[in-house]
Each structure stands twice: as C-alpha cells, then as structure tokens.
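Results of the structural survey
Here is what each chain is made of, one letter per residue.
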Amino acid sequence: MAEASEEGPGPPGPGAVLPALNSEQQAALVAIGRSWEPLVAGPRVWRRALPVDPDLAAFPSRREMTPSRFARVVSMPPLPPRGGPAREGDAVRVRTRRWLLGAPLRSSAFVTERMRKALALPVLAADALSSVAYGPEALLAVLVLAGAAGGGYLLPMASVIVVLMIVVGLSYRQTIRAYPHGGGSYIVAGDNLGPNAGLVAAAGLLTDYVLTVAVSVASGVAAITAALPPLHPWSAVLGVLVVMVLLAGNMRGVRQAGALFAAPTYAFIAAMAVLIAAGVGAAVSGSAPAGAAQPAQAAAGASSVGVLLIVRAFSSGATAMTGIEAISNAVPVFRPVSWRNARTTLSSMIALLAVMFTGIVVLIHLTGVVPRPHTTVLSQLAHLYFGSGGLYVFVQAATAGVLLLAANTAYNDFPRVLSLLARDDYAPKIFLRLGDRLAYTNSILLLSASAALLLVVFGGNTAALIPLYAVGVFLSFTLSQVGMAVRWRRSAARHRRRRMALNVLGGSLTGLVLLSAAIGKFAAGAWVSLLAIAGLLVITRRIHAHYAFAWSALRLRPYATVLPTAPAALPFRPTAPVRAAAVAEESEEIPEEIRHLYLIPVATLDLAAMRTLAYAASLGQPVLALHISTTDEETRRFRAYWELWGDHLPLHILPSPYRAVIAPLIHYIAALHRTRPDLTLTVLLPEIVTRHRRHQFLHHRTAPRLRRALRHLPRVVVTSVPFHL
C-alpha cells in the first residue's frame, strides 16, 4: 500500500460556493424536468420570445479587460455609480482601494498564489520562531517566584520543552505526508476521532490564532516600549494600529503578504544568531558581560519549589511551541510538490526554534537576568552584551518587527480553518467567499476585530494574555496526535507501528502540557480560553443543525416542487405600440403598452429556485434565468445541471472572474435597460426566509442589496419569491 493517499480536499477554492448535487438530487432534477414538459412551451419557443439578445453584456467586457504583462493581474473598470453620472468621490474611493489592496486577481490565479520554501518559512514559521522572545521569559517569570531554588529548574525544564518541540515536529512531518492537501488538527481529528473531536480541535485552533495575534502584537509593542519607555501608556493603542497594518497587508493576498513580512523574520534569526554567538563567545573566553549577576544570586525570595509552581512554569515556557502546527495547516500554499516542500520547511523551522530557544535559555542561565517591569529579558541580554550601541538597536528592532508580524501566521491559517468549517456547514457561508485578492476577506476582518478587542480589554499587557494562550494550541496538538495514532492503527502502511508510537508519544506529552496549563493557569486566565472553546463548540453545532434543517427543506423532491399552473403556456407578446412619452416618463396607461422581461438570478438549483422558475413561467411572459459563475469549472457544472433539468427556460451565465455577485448583475441589467429602454425588467429573486431572525445572516442577503442598487433605474422592478423555512 502507498505510504500516503492523496485524500481530503484542501481549503475551498473560488468555485466552492456552488454546492454539488448528489445522485439523488440529480435524479430528482430529471424527474422535475419531465414534469415540466406537458405544462410549458418548448425551450425554442421561450428563446424566440426573448426581446433581447442575452449575450449583449458581460462584466467586465472583453474590451474593458486589459491583461498585465505577466497575466496574473487584469485591470478592470469600476462600475458606474447608481442613479447618475460619476461623482468625484467614487473615483477617489476606487483609486484608494486599488492603492491599498491592489488590482483584483482572477479566480484562475488561485492556483498560482503559492509560495516557495524561502518565502513560506518566514511567513508560516514567524509565530513559532518569534516565541523565543517571550517563551523563555514566561518560563523564568514563574520560576523566579521560588527564588534561587527556582533558577535551578531552568535548564532541566527548558531541555524537556526542546525535546517536546522535536517530538511534536516529527509527528507533524508524518501528518503532512498523510494529509498532503493540508492536515490541520480539524481535518485529522475529524477524520479519525469523529466530527465532535474535529470541532473541538477547530475551536482550539481558532482561539489560539486570535490569541497569537494579540500576544505577538503585545510582545512586539513591549519590545518597542522597552527601548522607548514614554510610549508604554499607549501600548493598547499601538497594538490596535499594528493590527490594522496586518489587516491591510493580508487583504492584498498570500504572496503579497509574504513578500511584505519575510524580511523581519530573517532579521530576527540573524539577530538571535549574533546575540547567542556573542554570549557563547564571552562564556568560552571567560569574560562575563558587565552588569551580569551570578546565577545563584539572580533572585531572592522563597527557597522552596512546589509542584504547582513547576506545572505553571512548564506550561508557561511551553508557549514557545505555539505555531508549530501552522505549516501542516497550510500545505496547499506551497509550490509543488507541496507536501515535500512543507516537510522540509517544517524541519528547518524546528531546528531553528530548538537552537534559538536553547541559546537564549543558556544566556539567561549564564547572566542571571530576571524579568523586570517595563523591559524584556531579551532586551536585558542585548544590553548586557552590546551596550546601547547599534547591535542593541538591531536586536530590539528585529525582535519588535518579528513579534509584530508573527501574527501573520495566524492570518494565513485562521481563514483556512474557518473556510473548512463553512464548507462543512459549521460556520456561515460568507466565510467561503474570496475577496478581490483571493484572500478570505471576511475571516481576516473577524480575526482582526477579535484580536483588537483583546488588546483593548487587556491593555496590551503580554503577561496578562500569556495565561490564555497555551490551552487552545495544546488541545489541538493533542487531538491531532491522537487522531494520527488512530489512523496508523487502522492503516496497513509500512512502518505503521513506529509511526503510531511517535504519535502516541507526542499525544501523551502534549496532553500533559494541556492538563498542566488548564490546571496551573486556570485561575490566571485559562478559564477564559476554555469558556471560549466551549462557546465556539456550541455555536458551530447550532449552525450545523440549522443548515441541516435548511438543506432538508430545500432539497429537490419531484412531487414537492411547484410546477407552472398554465398548461402549455406561451410567452405573451404585447401588440400595442409604446408611446415615446411613455418610454421617457414611465407613463404607460394600458396593460398592452408594458413589455415584460422577467430576470431570475439562480445561484443553485434547489427547491427555492425551482419555485421561482415555476412562478415566472406561469405568468406567460418572456423569462431569462441568470447565473453568476466565478470559474470555468463552475460554468460547466451549472450548465450540466440546467440541461439535466431539461433546459426549459433560457439561461445566460455571467462570468465573474473576480468573484463579484452584485456588480455583474447590476451591470448586466443596466446594459439591458440601455439596449431596450421600453422594456419593464422584473427581477425575481428566490429569497430564503428563516423562522428566527438570528438565522438570517447564515444565508445570502442578495435580495435587499440588489433592490437598493437598482431602485434608481427606471422600469426595473425587484421583487422576491419567498421560501419559508
């Protein structure tokens, strides 16, 4: 048997919004189409009855599209404003948006938004590597509570943490090979332990990613205020501003964000190398830096070390492992061969993390520095070895830069996990949509808002945020390792026992850290993370229950579908001439002067859409169905479904390579109106009406948005055909 199967789809792409119809639904679609045949005129009759050529408009038109030199970016004109000539503010707004976010990317560029290893390392490993700046300090901050006796536990506990890093890293190498499309904890736990375990892992990951942004930004701001103490009272404000910069950078897409944020990570690696080399060189030469304390005299206070204090210290120091799972979550962003490049990058990250963590802990042991208010341990070490000169400034600047931008790892993985939840009906469908730059815009906005709120609530204080940190990440670690162990137990692959043993060891160690963090830090703030995880679990289950109820109500059933009520209805053509005044002033006086065309936007062929189509056909007026397609594959799939139904009504598919929905519809309807101003265009929208208002946000709100956008156009009527759940 092969070592790994290419199982499990990656994160949803641009075409994921159109749900696929299973064999049962396709059979129902055929049966419904056959029921239409004796009730309506043939497809050719309906096409001949159309008063316009459906191919007259597209958004954007081929003439308006101007490919760039490298064919990845296509410039497109802004949609004209509603109800009148262009305003100066509209052009300024469009230019500002393009300057901040860049030109839109076509859906076909989704597969090209990949990273090479040299770029993926700083982007995906920044979170893990930057934890060197606060992980050793978090460990030391608890041990110094025991005075000199606590200092003796620094090296042994740091050694255990390094061993844990290596074991978890090797375990995730196996996960990447087994899940080459992305083996995050949600997928691994869900596949092997059941959907509830997957949801718990996803809740832990989402909580961890929000805290990653908050803690990384707070630590980066702390590095800045350590060098510039007058800025300390503004820590929360500075943190929120940094989150806004991260938001803007990630809205530009994966590769753009990677190019922006790669340099600080490499600068931090260089800074740590210089600092550790200086410390080791001083130790070898026997010259201690001026101002260093003896390890035994580093702290005063109590001389006993309790079990609870050891547990708290270990769980605090283990925060240096946060971010190790990021690469396994983001395998699809690597260039081919994705899994091989991801494993190589993961190995490089683990090696760098272990060396830097060990080096900083050894320097702390040699110099005897202890945490102090309004400064950091790393700042103290740099000041001891380099004074206040250029190298000190370089270390502080590199540390601040990588901490402020380490949150970018969360910006890569948080949207992916949320899109997978949305794909599986555990999160709102708006998290499936990709923005102009092929980024999950709604997820990025949610992450930024949540992290900014935490920074404000906790005043940008790293020490207050750290206790919340370890629970979520080690919960996902543990479930992923246990899930992989179960997978190997069921597998017949070679060396499965050796691999299972490694995952069992990793799961046992991370489970112990999880328990120590939950118990040792519960009163200090871990209860907040546990409560957030439980809340997310309840919310995702409730969302899934609503979607299951909705899909059950919307699924196609041949005898539940409303059929046209007019037997052999033919499209009606008015015979009375239309007065010019009536066209100009909307002053038709008799029914024969009104020339109808019914437009039906159809997103998917479900019961709500079929009911709307039947309603329109029963009116005996020309009907044109419209579908917005974001990819060529979606166009082929929807066309096949339409022909399976019987192609009873004319269909026009509007290509939307930039994933817009409202703008192409408005552009097309406006073009129809310009071509035939005498027509009354009635837009019939299938609209799902939920029983409870709180469920409405789970469904697309196309109807009110389209109604607001089109109300300025004369002779355009927008109405809904409600489907009540």
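Figured I'd write up the structure that's included with this text. Treat the numbers as computed from the prediction; the structure is a model and nothing was measured.

This paragraph deals with the packing of aromatic side chains. The geometry of two aromatic rings is summed up by the distance between their centres and the angle between their planes. Within the structure shown, the criterion is met by 6 aromatic pairs. A ring pair is formed by Tyr 172 and Phe 477, whose centres lie 5.8 Å apart and whose planes are at 65 degrees; its orientation type is edge-to-face. Of this pair, Tyr 172 sits in helix α7 (residues 154-178) while Phe 477 sits in helix α20 (residues 470-490), and the two are 305 residues apart along the sequence. With respect to burial, Tyr 172 and Phe 477 carry one shared label: buried. Each residue in the set Trp 36, Phe 638, Trp 642 and Trp 645 is aromatic and connected to the rest through ring pairs, giving one cluster. Lys 429 extends its terminal NZ or CZ atom over the ring of Tyr 547, reaching a point 5.4 Å from the ring centre. When the ring centre of Tyr 179 is taken as origin, the NZ or CZ atom of Arg 487, which lies over that ring, is 4.9 Å away.

Considering all chains together, one arrives at 6 salt bridges under this definition. The salt bridge partner of Arg 47 is Asp 647, with a shortest N-O separation of 2.5 Å. Here Arg 47 is found in helix α2 (residues 43-48), whereas its partner Asp 647 is found in the loop between α25 (632-645) and β5 (651-655), with 600 residues between them in sequence. For Arg 676, the salt bridge identified is with Asp 678, shortest N-O distance 2.8 Å.

Here the focus is the environment of Ile 350. Tracing the backbone through its elements, the reader meets Ile 350 in helix α14 (residues 338-367). Judged by relative accessible area, Ile 350 falls into the buried class, the value being 10%. The spacing of Ile 350 and Leu 170 is 180 residues in sequence and 9.0 Å in space, taken between C-alpha atoms.

With that settled, consider the sheet that holds β5. Overall, parallel pairing links the 5 strands, which are arranged β5-β4-β3-β6-β7 in an open sheet. Sheet topology places β5 and β7 (716-724) at the edges, where each strand pairs with a single neighbour. On average, each strand axis in the sheet is tilted by 30 degrees relative to the strand beside it, whichever way the strands run.

Moving on, we come to the environment of Val 240. Relative to the helices and strands, Val 240 is located in helix α10 (residues 235-251). Spatially, the C-alpha atoms of Val 240 and Ser 448 are 8.9 Å apart, while their sequence positions differ by 208 residues. Contacts of Val 240, omitting those with residues within four sequence positions, involve Ala 452, Leu 455 and Val 456.

What follows concerns the pairing of strand β3 (residues 595-601). Most of β3 sits out of view: 6 of its 7 residues are buried. Inspection of the sheet shows β3 paired to strand β6 (residues 679-689) by 5 bridges, in the parallel sense. Residue pairing in the sheet places Leu 597 in a bridge with Leu 681 of β6. In this structure, β3 lies alongside strand β4 (residues 623-629), joined through 4 bridges in parallel fashion. Residue Leu 599 lies in a different strand from β4, and its bridge partner there is Leu 624. In this fold, the crossover linking β3 to β4 by way of helix α24 (residues 607-618) has right-handed handedness.

Rules used in this analysis
Residues numbered from 1 in each chain as written. Predicted model: local features only at pLDDT ≥ 70, side-chain atom pairs only at ≥ 80, totals over all residues. Heavy atoms only, no water. Phe/Tyr/Trp six-rings, centres within 6.5 Å; stacked < 30°, edge-to-face > 60°. Helix = DSSP H or I, 4+ residues; strand = E, 2+ residues; numbered from the N terminus. Buried < 20%, exposed > 50% of the residue type's maximum accessible area, 1.4 Å probe, protein only. Lys NZ or Arg CZ within 6 Å of the ring centre and 35° of its normal. Salt bridge = Lys/Arg side-chain N within 4 Å of Asp/Glu carboxyl O. Pairing = 2+ DSSP bridges. Axes fitted to C-alpha atoms, helices over the stretch in contact; angles between N-to-C directions. Contact = heavy atoms within 4.5 Å. Right-handed = clockwise from strand over helix to strand, strands pointing away.

Geometric values such as these leave the question of function open.
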